[in-house]
Amino acid sequence: MLDNAWVIPTLTFVSFWLILFFGKRLPGHGAEIGIGALGLAFVLSCVAVVQWVDRPATEVVPHGTTEEVHGEEDEEHGAAGGQQGQDRQVVATAVETGEHAEETPIRSAVERNVTWFTIGDVEVTAGTAVDGLTVVMLFTVTLISLLVHVFSTNYMHGDVRFTYFFAALSLFTTGMLLLVVSSSTLQALFGWELMGLCSFMLIGHWWEKAENSNAAMKAFLTTRTGDVGLLVGIVTLFFAAGQTFDIALINERALTGAIGHTALVVGAVGLFIGVIGKSAQFPLHTWLPDAMAGPTPVSALIHAATMVVAGVYLVARLYGVFWEAFDIGAGGVNPIAVVGGITVLIAAALAFVQDDIKKVLAYSTVSQLGYMVMALGVGAWTAGIFHLFTHAFFKGLLFLGAGSVSHAVHSFDMKADMGGLRKYMPTTFVTFLIGSVALAGLFPLAGFWSKDEILVGAAENGYPVFELVGIVGAFLTAAYMTRCVYLTFFGEYRGHAHPHESPRPITIPLIVLAVFSVGAGLLNAPGIEKFFEITENRVFLLAGVEHHSFEVFPAVVSTVVVLAAIAFAYLLFFERRLPRGLTRRNAVARSGYRLLINKYYLDHLYTGVIVGSVKGAIARAAYWFNQKVIDGVVNAVGIAARRSGDWTYRHIDQAVVDAAVNGAGFGAEGFGGILRTVQTGRVQQYAALLFGAATVLALGLIIFV
Amino acid sequence: MLVNQFLVLGAVLFSIGVYGVLARRNGVLVLMSIELILNAVNINLVALGALHDASGAVTGQVFALFVITIAAAEVGVGLAIVLLIYRNRASVDLDEVDLMKG
Amino acid sequence: MAAQNLAFAVLAVVAVLAALRVVTTRNVVHAALYLVAVLGSVGALYVLLAAEFLAAVQVLIYIGAIVVLFLFGIMLTRPTLGRDSGLDNDQRWLAGITGLFLFGVLSYVLVEAFGDERLPRLEGLDREALTAERGTGAVGDAIFSTYLVPFEVVSVLLLAALVGAIVLARRE
């Protein structure tokens, strides 16, 4: 499977076409094709995982900073032009004493490339590069996608575009899988854009309502804005790294200093802008909450587990570039961490004031993405990826739980239509609760381990500020999730529907995800650290990224913080002990509340100021130009043509040509008039002429002949 | 006798006849002038015939005879036409017959 | 010889003068009478040229029939007999010039061609021989032998002219 990882995206791609062509005629309306394909893809992904885990660790990569490693490496990959899977062998060189003095060999990535096209003497390849990160992503994506498919069969039942929904789901999964297995930045871009398109289709699934299509448009355009940067980054790196799109090569050359620093920074910044757009970081995060207009399974798949983490994945993949460009190893501060940190805090604050359950989860996602990006920014690579892995499960669980709740009460508004639902929907309640605790990060659930690793990494790598940020974020996360749980499941039921537990296709995915939320964290628990072992890769080691495993003190601190947050929220909402009506009485609190409600006025900034100014002034200027200049030129040409035609008519046609023609006519007439006088009609005159002429002729004859 | 004297006489009569054809207004007078011309021709024929021997002379006379006959026929028809013209127009002035005027 | 020349001279003068009067007189009837004079002189000239039969025919047909026809025509085509004014048309002078010119050319040609040729047979031959040779008998023989076909054709022509004249001039 490792050699044939391309099969997995192909499966879902074929499923897309099959659903499109045959889905409507099938009894399950295409869902069975989707589930079948995803199931198969999941199985193959598991096979890939097993194969990877079983793979012997043979590659020895020297640790350390980049200065030590150059020259001795075998740069030839033979990937271009051939169809052979190759293992890259590296000769061990000098060892750098770092945190890990021993050289543990790692599994080497499996690359398989095919020539895509050739421009001049540049050969662009397409292919797969499978390593631990890829395998983990494959597993996660196919599992979540499969569960979403199962969930959707019930949730989207009777929907007017049921078949297209499943087709779009398949296509989306194809895009994500393509991104995950790709070996070149160009191919990754392909998957990236495909996901953008599918997210547009899926968010705007119920496009009959204008707000849904607006949300889809907003998502698409915001990520597109980021994609400009992405494109700049990819192209810059292409040229700077010696005209190659190959990811492994780019990483290699970045770390060995073969790429000029300025080009590297430009490329990294460009790529990161794309990440900001796709992974909803500040300031391009505004699309994600609005994207909740799409169906809940879509939110679960796209916005919890797969698409939004594409940005994080990209950073993790091209980590060599970022590491070198932003000098992550040095500590202190760098753009990635800053952006991630800000995102964590502002999104968590916003999650507090939402009434819509999906919006709470959306902001929570933004905040958690901020965690992942921050983790990558502080050099905690494994922590970031691990958090991505665990987050997929519990956020997916939470979204699907919200879907289950809305399926019962037909609404997403917590304050107005929910409350006390734990009595009516026990399974949903329990799973949702598990997901919330996992998100908050309590021992021993998944979130605890991953979040803790981030904090440790931040601390140990010299980013104390971001450790603090992470802790504050944890507080806020626990608090708003408690609020959310309370408003939804506790208290008295405030709605008007008849809530009941959801049917099996909905609850089974919830249970599965709950199990994973509990157990997934243990993969990287101290002593096991299997996750770390699996995902350890060449770049990681070459760059000298340090992995810090679990430490007790930060764990204790974070647990205390989380418990305090839960208690705080409990008191605030459950017991109503703490001051109520604060916003009514206090102007500062009120303005702060208003700021949060208006999402920091960012939307107003984007739509009103930036777009408005462009629309208004530039559009008007363009219109003026069009009317006065372009139209003016066209009209002038037309007028000139007409005038010249007129002049030609008058002076040449009438005066010269017509005069000539008429003159010929008059001349003929006049001459004829003259000749006419000979014809008198009188015979004697004719006779006279006859005789006269004959006589003259005779004379002539006599004289000359 | 010179043959020329007859021939020249014929030429004189011919010329006079031509003048008459061209200059006379009355249609009948034109016909008379045509008779003059025909007589001139006859003189020529006979004189030139007499220049030769017997058969030549006889030939000349015979042809002159034919000319006379034809002249008679022609006058008959010509006068009939003049009569018609007179009937249609109440005049035989040839200057008035200019229907073919361009 | 002298008698023939003298006779010729007289006849020629009479013919020419009479012809001139034909084309210049103002009186149509006078013109017809002058025409008679011309025709008569020409007949006499024929006698001079030893063509008696022709002379007889000339007088008989021309004067006896054609001129009578003319007189009938004159009678039928003008309201009054007598003097008319302006029988000549506008192109008198042109016609005169043409006539003169024509005469000049013709006479020049004739003189050039025939010069001093004489009529030998008519000089010094006795009457009987001439008559036998080119007299009426000989002419009659020639007509009904050599020129029989033209004779018949001319007869038919006369018939046609006759019929045509009647057709043309009859009153409907």
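Residues numbered from 1 in each chain as written. Chains lettered and ligands numbered in written order. Predicted model: local features only at pLDDT ≥ 70, side-chain atom pairs only at ≥ 80, totals over all residues. Heavy atoms only, no water.

### Notes on the interface of chain B and chain C
Listed as interface residues are 70 residues of chain B and, on the opposing side, 84 residues of chain C. Of the roughly 7,000 Å² buried between chain B and chain C, counting both surfaces, carbon and sulfur atoms make up 75%. Taken together, the links from chain B to chain C amount to zero salt bridges. Linking chain B with chain C are nine residue pairs in polar contact (both at pLDDT 80 or more). Every element with two or more residues in the side of chain B that touches chain C is listed here: α1 (3–23), α2 (27–51) and α3 (54–89) of chain B. The greatest single-element share of the side of chain B that touches chain C, amounting to 27 residues, is contributed by α3 of chain B. Residues belonging to the side of chain B that touches chain C are distributed by class as follows: 51 nonpolar, 13 polar and six charged. (Contact = heavy atoms within 4.5 Å. Buried area = accessible area lost by both parts, 1.4 Å probe. Salt bridge = Lys/Arg side-chain N within 4 Å of Asp/Glu carboxyl O. Polar contact = N/O pair within 3.5 Å; in protein donor to acceptor, adjacent residues only side chain to side chain. Helix = DSSP H or I, 4+ residues; strand = E, 2+ residues; numbered from the N terminus. Nonpolar A, V, L, I, M, F, W, Y, C, P; charged D, E, K, R; others polar.)

### Here's the deal with the packing of helix α3 (residues 132–155) of chain A against helix α20 (residues 504–519) of chain A
All names here are of chain A. Look at α3 against α20: their axes get within 7 Å of each other, and the N-to-C directions meet at 155°. By the angle between their axes, α3 is roughly antiparallel relative to α20. Our pair here, α3 against α20, has a crossing hand that is left-handed. Taking contact as the criterion, the partners of F139, L143, I144, L147, V150, F151, T153, N154 and Y155 in α3 are, on α20, P505, I506, P509, V512, L513 and F516. (Axes fitted to C-alpha atoms, helices over the stretch in contact; angles between N-to-C directions. Parallel < 35°, antiparallel > 145°, perpendicular 65-115°, else oblique. Left-handed = near helix turned anticlockwise from the far one by under 90°.)

### Some details on the packing of aromatic side chains
All names here are of chain A. Following the criterion strictly, the structure yields 25 aromatic pairs over all chains and no others. Residues F393 and F516 carry aromatic rings whose centres are separated by 4.8 Å and whose planes lie at 15° to one another, so their mutual orientation is stacked. Of this pair, F393 sits in helix α15 (residues 381–409) while F516 is found in helix α20, placing the two residues 123 residues apart along the sequence. Since its relative accessible area comes to 25%, F516 is described here as partly exposed. On the basis of an interplanar angle of 55° and a centroid distance of 5.3 Å, the ring pair of F432 and F489 is categorised as tilted. With F432 in helix α17 (residues 426–440) and F489 in helix α19 (residues 464–489), this pair connects stretches of sequence that are 57 residues apart. Taking relative accessible area as the criterion, F432 reaches 0% and is therefore assigned buried. Through successive ring pairs, a cluster of aromatic residues spans F42, F139, F386, F389, F393 and F516. (Phe/Tyr/Trp six-rings, centres within 6.5 Å; stacked < 30°, edge-to-face > 60°. Buried < 20%, exposed > 50% of the residue type's maximum accessible area, 1.4 Å probe, protein only.)

### A word on the interface of chain B and chain A
In this assembly, 14 residues from chain B lie in contact with ten residues from chain A. Taken together, both faces of the contact between chain B and chain A bury some 940 Å²; the carbon and sulfur share is 55%. The interface formed by chain B and chain A holds zero salt bridges in total.

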